[in-house]
Amino acid sequence: MLKMVVKYTMKMSLFVIMFSTVTITVHGFSTTLEGPFEPETAPLDPNLNPVAFDLPESDPSFLQPNSEFQPEQISVSLSYSFDSVWISWVTGEFQIGEEGSLPLDPNSVQSIVQYREFNVVTRSRYATGHSIVYNQQYPPENGLKNYTSGIIHHVQLTSLKPSTLYRYRCGDPSVSAMSKEYYFRTMPKSTSENYPHRIVVAGDLGLTYNTSTTLRSILSNHPDLVVLIGGFSYADTYLTNNTKLDCSSCQCDHNGTSTSDCDSCYSSGETYQPRWDYWGRYMEPLTANVPTMMVAGDHEIELQIDNNLTFSAYSSRFTFPSNESGSFSPLYYSFNAGGAHFIVLNSYTPYDNSSDQYVWLESDLRNIDRSETPWVVATWSLPWYSTFKGHYREAESMRLVLEDLLYSYRVDIIFNSQVDAYERSNRVYNYALDQCGPVYISTGAGGAGKLDIEHVDDPGNCPDPSQNYSCRASGFNFTLEPINDEICPVKQPDYSAYRESSFGFGMLEVKNETDALWSWNRNQNEYYLAADIIYIVRQPDICPVYN
């Protein structure tokens, strides 16, 4: 194949023309080496409705398959390395509000995956797994509707080849209940030369009309890997009787509670769990064919008041490389995607320096081989460096505990969500510009909630520093301390390179051991036009790892 690369010094949008024999790539984007950049705020699109509306329960994609044991809500997720993936799915219908009804028996149907390489004529291989059922229960005196899931299956495929396309079907052949054929591609082998072509990063997708636009755009870009950060089903914004709560303007006040009427959203413990089933069915065209890694946020907590269980739906419906990465928790884990090492953390489980999460993180960072995985990417939901009014410095206690650790091991990029807007930082450490600090990127505008359009540096938006500040994040109550003698900046701070209020998703294309192309793709634009695009460049000679 002939490949011609034409470089320009001006900033421009990516333009790719593909033919059967010729690929012409034109690029000339800014790089982080040219930074730090002057802070920029994109104007709000006057034609954009900042409020997202949920898809109704009558949406055709929410319907359950006709057959009782027909696999649905199929998803692929990565194990720690390229040679293994997990296939998950659901069979049988959930039950809700039926007192005395028995849950489905996980042993009543088998968990089997048939798979083989796509372009190799050979007999299919078989793998078996396990299945579970989970409950979301409420105190009987409350009169709320309990929920019992369908049968959730998890099967691990092993001894896979790197960068290889596989075809598979899942289900139980003994009862003629096998899925149609799906496909997935394994990750490249972990070396400094091998990377997945496109990694999509999106946060707070929800299940709205905006979600549908985001999903179509993601699919049209043909990613090799998807990382979804919090805010999946938004089941916690519904009562058990399927009544939608108005949580679009819910924020935390600085007494560690929710403001106005938001207690009913986050403190009652009520959820409408079928939204998880609807979400799994709706997302299947993506999750069944592209390895998708889930990162828990605040909407996944779903506290069960009678037994204090949390994250039950999240940890039951998906699989995580927790055991392989040594964390043994679905809330924090790590995995490799070619020459990139991903670390998933959680803002809502203990992270102080004596916690399991901190001890595991320190060990994981210490054991990274940068000759094999030069890029290190961390992700969790609640952002440290956001300049929007919503959730401003809510994760400050987490930053104070973990930032030095991530900085000393030279984490390159940090992805967050939760704030319903987009923002990219200059390289920053402890609120100061630092050429060895990570680039922080907030991608919490995947489609749900209400866009954050107010900034903390706008007049009247600064929180009261005299109040304790914690709100649902797992940390100690604390009082905000000034930054450069200010609780809030009076203008967009230097560490904020670019911010805008728009729904969309991001895409990371790692080119080699030092260069990665990052782009933010607005929903209102065509899929090939990026609103923000930049090369993130590592400088390992200037910024060596130390501990």
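Residues numbered from 1 in each chain as written. Predicted model: local features only at pLDDT ≥ 70, side-chain atom pairs only at ≥ 80, totals over all residues. Heavy atoms only, no water.

- In the annotation of an unreviewed UniProt entry, the protein chain is listed under the name Purple acid phosphatase and assigned to Camelina sativa.
- Heading Catalytic activity (unreviewed entry) of the UniProt record for the protein chain holds this comment: "a phosphate monoester + H2O = an alcohol + phosphate". (UniProt positions renumbered as here; feature names shortened; annotations may be inferred.)

**A short note on the overall build of the protein chain**
Part 1 of the argument: When its secondary structure is counted, the protein chain shows 6 helices and 33 strands.
Part 2 of the argument: Counting contacts in the protein chain only where the partners sit at least 6 residues apart, residues at least 24 apart contribute 70% of the total.
Part 3 of the argument: For the protein chain, the exposed surface amounts to about 22300 Å²; the carbon and sulfur share of it is 50%. (Helix = DSSP H or I, 4+ residues; strand = E, 2+ residues; numbered from the N terminus. Contact = heavy atoms within 4.5 Å. Areas by Shrake-Rupley, 256 points an atom, 1.4 Å probe, with all protein chains shown as cover.)

**Quick notes on the confidence of the model for the protein chain**
A low pLDDT means the predicted coordinates there should not be read in detail.
Part 1 of the argument: Of the residues in the protein chain, 87% have a pLDDT of 70 or more, and the chain-wide mean is 89.
Part 2 of the argument: Note on residues 1-26: pLDDT is under 50 here. Beyond four places in sequence and across chains, it has 44 contacts.
Part 3 of the argument: Under a pLDDT of 50 for its full length, residues 253-261 has, in the predicted model, 21 contacts with residues more than four places off or in other chains. (pLDDT = per-residue confidence, 0-100.)

**Thoughts on empty space enclosed by the protein**
Part 1 of the argument: Applying the stated criterion across every chain yields a total of 2 cavities of 30 Å³ or more.
Part 2 of the argument: Of the pockets and cavities examined, the largest cavity occupies roughly 130 Å³.
Part 3 of the argument: Among the elements that make up the lining of the largest cavity, the one with the highest residue count is helix 3 (residues 274-287) (5 residues).
Part 4 of the argument: Partitioned by chemical class, the residues of the lining of the largest cavity number 7 nonpolar, 5 polar and 1 charged. (1 Å grid on protein atoms, 1.4 Å probe; cavity = no way out; pocket = protein on both sides within 12 Å on 5 of 7 lines; lining within 4 Å. Points joined across faces, edges and corners; volume = space filled by probe spheres on them. Nonpolar A, V, L, I, M, F, W, Y, C, P; charged D, E, K, R; others polar.)

**Quick notes on the state of the cysteines**
Part 1 of the argument: Applying the stated rule across the entire model yields 2 disulfides.
Part 2 of the argument: Between the sulfur atoms of C436 and its disulfide partner C543 the distance amounts to 2.0 Å. Every disulfide takes its handedness from the sign of the S-S torsion; for C436 and C543 that torsion is -80°, giving left-handed. Pair noted here: C436 is in the loop between strand 26 (432-433) and strand 27 (439-443) and C543 is in the segment after strand 33 (532-537), with a separation of 107 residues, a long-range link.
Part 3 of the argument: Under the relative-accessibility criterion, C436 is labelled buried at 11%. (Disulfide = S-S within 2.5 Å. Buried < 20%, exposed > 50% of the residue type's maximum accessible area, 1.4 Å probe, protein only.)

**Focus on the pairing of strand 16 (residues 182-185)**
Part 1 of the argument: Along strand 16, the buried face is formed by Y182 and F184; none of Y183 and R185, which line the opposite face, is buried.
Part 2 of the argument: Summarising the sheet, strand 14 (residues 165-172) and strand 16 pair through 4 bridges and their orientation is antiparallel. Bridge assignment links Y166 to a residue of strand 16, and that residue is F184. (Pairing = 2+ DSSP bridges.)

**Some words on the sheet that holds strand 18 (residues 225-229)**
Part 1 of the argument: With mixed pairing, 6 strands are arranged side by side in an open sheet as 19-18-17-31-32-33. Of all the strands in the sheet, just strand 19 (292-295) and strand 33 have a single pairing partner and so form its edges. Ignoring which end each strand starts from, the neighbouring axes of this sheet average 20° apart.
Part 2 of the argument: Note: strand 17 (residues 199-203) against strand 18, 5 bridges, orientation parallel. Within strand 18, the residue paired with A202 across the bridge is L228. (Axes fitted to C-alpha atoms, helices over the stretch in contact; angles between N-to-C directions.)

**Here we look at the sheet that holds strand 7 (residues 95-96)**
Part 1 of the argument: Spatially, 3 strands are ordered 7-12-11 in an open sheet, and the strand pairing comes out antiparallel. The open sheet has two free edges, formed respectively by strand 7 and strand 11 (135-136), since each of these has just one partner strand.
Part 2 of the argument: As defined by bridge partners, strand 11 adjoins strand 12 (residues 147-148) across 2 bridges and the pair is classed as antiparallel. Across the sheet, Q136 pairs through a bridge with Y147, a residue of strand 12.

**A closer look at the pairing of strand 13 (residues 151-157)**
Two faces make up the sheet, and in a regular strand the side chains alternate between them.
Part 1 of the argument: In terms of residue burial, strand 13 counts as a mostly covered element, since 6 of its 7 residues are buried.
Part 2 of the argument: Here 7 bridges tie strand 6 (residues 85-91) to strand 13, and the two strands are oriented antiparallel to one another. Within the sheet, the bridge partner assigned to I87 lies in strand 13 and is V155.
Part 3 of the argument: Of the pairings in the sheet, the one linking strand 10 (residues 130-132) to strand 13 comprises 3 bridges and is antiparallel in character. Looking across to strand 13, one finds that S131 is bridged to H153.

**Details of the pattern of salt bridges**
Part 1 of the argument: Within this structure, the stated rule accounts for 15 salt bridges.
Part 2 of the argument: With its nearest N and O atoms 2.8 Å apart, the salt bridge here joins R522 to E500. Of this pair, R522 sits in strand 32 (residues 515-522) while E500 sits in strand 30 (residues 496-500), and the two are 22 residues apart along the sequence.
Part 3 of the argument: Several salt bridges share partner residues, and in doing so they unite R393, E396, R399 and E403 into one network. (Salt bridge = Lys/Arg side-chain N within 4 Å of Asp/Glu carboxyl O.)

**Focus on the nonpolar core**
Part 1 of the argument: Formed by 125 residues in total, the largest nonpolar core has its most connected members in I87, L157, Y168 and Y314.
Part 2 of the argument: Non-local contacts of Y314, meaning those with residues more than four positions away in its chain, are made with F232, W276, M294, V295, A296, E300, F320, P330, L331 and Y333.
Part 3 of the argument: Counting residues in each nonpolar core, the second largest holds 6 residues, with F29, L517, A530 and Y535 among its members. (Core = buried A, V, L, I, M, F, W, Y, C linked by side-chain atoms within 4.5 Å.)

**Considering the side chain of S325**
Part 1 of the argument: On the secondary structure map, S325 appears in the loop between helix 4 (312-317) and strand 20 (333-337).
Part 2 of the argument: For S325, the residues in contact, after removing those within four places along its chain, are Y80, Y333, S334, W360 and D364.

**Topic: the environment of P463**
Part 1 of the argument: Considering the arrangement of structural elements, one finds P463 in the loop between strand 27 and strand 28 (468-469).
Part 2 of the argument: Assessed through its relative accessible area of 11%, P463 is described here as buried.
Part 3 of the argument: For the pair formed by P463 and C488, sequence separation is 25 residues and the distance between their alpha carbons is 8.0 Å.

**Topic: the packing of aromatic side chains**
Part 1 of the argument: Summed over the entire model, instances satisfying the criterion amount to 34 aromatic pairs.
Part 2 of the argument: Arranged with centres 3.9 Å apart and planes meeting at 20°, the rings of Y407 and Y429 form a pair that is stacked. With Y407 in helix 6 (residues 396-408) and Y429 in strand 25 (residues 428-429), this pair connects stretches of sequence that are 22 residues apart.
Part 3 of the argument: When the ring centre of Y407 is taken as reference, the NZ or CZ atom of R410 above it lies at 4.6 Å.
Part 4 of the argument: Lying across the ring of W375, R538 places its NZ or CZ 5.8 Å from the centre. (Phe/Tyr/Trp six-rings, centres within 6.5 Å; stacked < 30°, edge-to-face > 60°. Lys NZ or Arg CZ within 6 Å of the ring centre and 35° of its normal.)

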